[in-house]
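What the coordinates show
So the chains spell out like this:
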Amino acid sequence: MKVDYIIVGLGLAGLAFSKELEKNNKSFIVFENNSQNSSIVAGGVYNPVILKRFTPVWEAKNQLEIAIPFYSELEDQFKKKYNYSLDIFRIFKSIEEQNNWFIATDHQQLSEYMIPKIENSKIKGIISNYGYGKLINTGWVDTKNLLEDYRNYLSINKKLLQEDFQYTTFNIQENSIIYNSITCSKIVFCEGFGIKQNPYFNYLPMQEAKGELIIIHAPNLNVNALIKAAVFVLPLGDNYYKIGATFNWNHKTSIPTDEGKNELKEKLDTFINVPYKIVEQLAGIRPTVKDRRPLLGTHPNYPNLAVLNGLGTRGVMIAPTAAKQLYNYLENKIEINNEYSILRFLKN
Ligand SMILES: Cc1cc2nc3c(=O)[nH]c(=O)nc-3n(C[C@H](O)[C@H](O)[C@H](O)COP(=O)(O)OP(=O)(O)OC[C@H]3O[C@@H](n4cnc5c(N)ncnc54)[C@H](O)[C@@H]3O)c2cc1C
């Protein structure tokens, strides 16, 4: 089989790069071994405001301008909804936070998202003694359903190999790469935290950030916004809510733990006063980079091996922009924006 590209990994990064190839009529085959599940368990939330400090998220506006049409195209392709607009209610802990909110709403990059008002109306089931601030033009993408549908689509079209990509199997020649019976021009590695196993790119400074979530059923909670207090409460419909997420910098597996569950429960209990039942627990590893920027580029010695990784905590917003930049670099020689490029990390 002869293809233009092999893609390794079908999380948000692999999906975004595959779409870029489809749009440009390039042929490809994707390897996916289900070793990581960050994109599948993710909250899927997109929000251009850092909710701890009320500061702008890096490049968020530019990224959203590409991301929103990207998810719309997928909705058109599969005739399904994946992108749900959803306001965010940020519960305040103190008068100081209320003041900081007001100051931040004046910021030019934040004013289209943050409403300059302290909301005091009670939300049934939620404790909000200092009120809350409302964010608009935010939402979430149902990444699990989207990826399931996209995997099925690739599988039907014989573009998906559900197997391990073996790093020792391929042979790099000047203008092509041979992997068993497949000949391609380039390989793009999109393995998330799986990059640690990749001998060509594991020199890049990936810092694993395990995240755990629980799904609860709370029949008396009737919330139609994302609530953000000690943890987030994301309404999934029918009184089911996704609660998350933890940050653990030491665990290296995607296995849910009692420690994670207890932490989420303790934090949730600080601001929710209705009964609920935990129905599911999920975990994944966010592919996070020391400087919290993505990893795009080609190997210093093998220009036909490329990487698309480092989406960190914001894969939903970053993936479509990152895929576009990498594609334009590989095919049209347009330089990658410095902050996205792996050139900032020299290989020893
Ligand atoms: C708990 C949690 C909550 C999150 N919440 C949000 C959120 O609300 N909003 C947001 O934007 N982001 C969120 N994220 C972050 C987001 O999930 C990531 O930024 C994004 O999923 C990373 O996508 P990726 O494709 O780079 O990696 P992954 O999703 O890890 O995908 C990599 C893929 O490569 C495959 N793979 C790896 N090695 C191989 C190999 N050798 N052969 C074949 N296949 C291979 C893996 O199986 C996997 O499917 C969250 C993450 C977690 C863990």
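Given the structure is predicted, the values throughout are model-derived calculations rather than measurements.

What counts as what
Residues numbered from 1 in each chain as written. Predicted model: local features only at pLDDT ≥ 70, side-chain atom pairs only at ≥ 80, totals over all residues. Heavy atoms only, no water. Buried < 20%, exposed > 50% of the residue type's maximum accessible area, 1.4 Å probe, protein only. Helix = DSSP H or I, 4+ residues; strand = E, 2+ residues; numbered from the N terminus. Pairing = 2+ DSSP bridges. Near = heavy atom within 4 Å. Polar contact = N/O pair within 3.5 Å; in protein donor to acceptor, adjacent residues only side chain to side chain. Areas by Shrake-Rupley, 256 points an atom, 1.4 Å probe, with all protein chains shown as cover. Nonpolar A, V, L, I, M, F, W, Y, C, P; charged D, E, K, R; others polar. Domains from an automatic or database assignment. Salt bridge = Lys/Arg side-chain N within 4 Å of Asp/Glu carboxyl O. Axes fitted to C-alpha atoms, helices over the stretch in contact; angles between N-to-C directions. Parallel < 35°, antiparallel > 145°, perpendicular 65-115°, else oblique. Left-handed = near helix turned anticlockwise from the far one by under 90°. Contact = heavy atoms within 4.5 Å. 1 Å grid on protein atoms, 1.4 Å probe; cavity = no way out; pocket = protein on both sides within 12 Å on 5 of 7 lines; lining within 4 Å. Points joined across faces, edges and corners; volume = space filled by probe spheres on them.

A separate point is the pairing of strand 20 (residues 305–309). The side chains of a regular strand alternate between both faces of the sheet. For strand 20, the buried fraction is high: five of the five residues fall into the buried class. In this sheet, strand 20 lies alongside strand 13 (residues 182–189) in parallel orientation, the contact comprising three bridges. Counterpart to V188 in the pairing with strand 20 is A306. Where strand 19 (residues 295–298) meets strand 20, four bridges bridge the pair, whose relative direction is antiparallel. Its bridge partner being in strand 20, L295 is matched across the sheet by N309. In this antiparallel pair of consecutive strands, strand 19 and strand 20, the connection spans six residues.

Every one of the 37 residues lining the ligand counts as a neighbour, but E32, S35, S39, V45 and G312 are closest to it. Within the backbone of G44, an N or O atom sits 3.0 Å from an oxygen atom of the ligand. Contact distances for the ligand include 2.7 Å between an oxygen atom and a backbone N or O atom of G312. Contact with the protein chains removes 97% of the 1,000 Å² of surface that the ligand exposes when unbound. Residue assignment for the shell around the ligand shows that the elements contributing at least two residues are helix 1 (12–23), helix 2 (38–41), strand 14 (206–217), strand 18 (277–289) and helix 7 (315–332). In terms of residue class, the shell around the ligand is made up of 14 nonpolar, 16 polar and seven charged. Counting contributing residues per domain, the shell around the ligand is built from domain 1 (2–42 + 144–204 + 291–344) and domain 2 (87–137 + 207–289), each supplying no fewer than three.

The subject of this paragraph is the pattern of salt bridges. What the rule picks out here adds up to 18 salt bridges. Notably, a salt bridge pairs E20 with K324, separated by 3.7 Å at the nearest N-O pair. Separated by 304 residues along the polypeptide, E20 in helix 1 and K324 in helix 7 bring together distant segments of the chain. For E20, a relative accessible area of 7% puts it in the buried group. The exposure class assigned to K324 is partly exposed, which follows from its relative accessible area of 27%.

Our next topic: the packing of helix 1 against helix 5 (residues 143–156). With their axes 11 Å apart at the nearest point, helix 1 and helix 5 run at an angle of 50° to one another. By the angle class used here, helix 1 and helix 5 are oblique. In terms of crossing hand, the pair formed by helix 1 and helix 5 is left-handed. Contacts from L12, L15, S18, K19 and E22 in helix 1 reach T143, L146, L147, Y150 and Y153 in helix 5. Class assignment for the residues of the contact of helix 1 with helix 5 results in six nonpolar, two polar and two charged.

If a residue is not glycine, its phi is most likely negative; likewise, a peptide bond is most likely trans. The linkage connecting G244 with the following residue, A245, adopts the cis geometry, with an omega of -15°. Its location among the elements puts A245 in the loop between strand 17 (240–244) and helix 6 (258–268). Here the phi dihedral of N34 falls at roughly 55°; this positive angle occurs in a residue that is not glycine. Relative to the assigned elements, N34 resides in the loop between strand 2 (28–31) and helix 2. Among the residues examined, N34 registers a relative accessible area of 52% and is labelled exposed.

Its volume calculated, the second largest pocket comes out at about 360 Å³. Residue lining of the second largest pocket: 18 residues in total, with D142, K144, I215, L236 and K242 positioned closest to the centre. Breaking the lining of the second largest pocket down by element, the ones donating at least two residues are helix 2, strand 9 (139–141), helix 5, strand 16 (232–237), strand 17 and strand 18. Partitioned by chemical class, the residues of the lining of the second largest pocket number 10 nonpolar, four polar and four charged. Structurally, the lining of the second largest pocket is a two-domain feature, drawing no fewer than three residues from each of domain 1 (2–42 + 144–204 + 291–344) and domain 2 (87–137 + 207–289).

Note that every value here comes from positions in space, so none of it alone points to a role or purpose.
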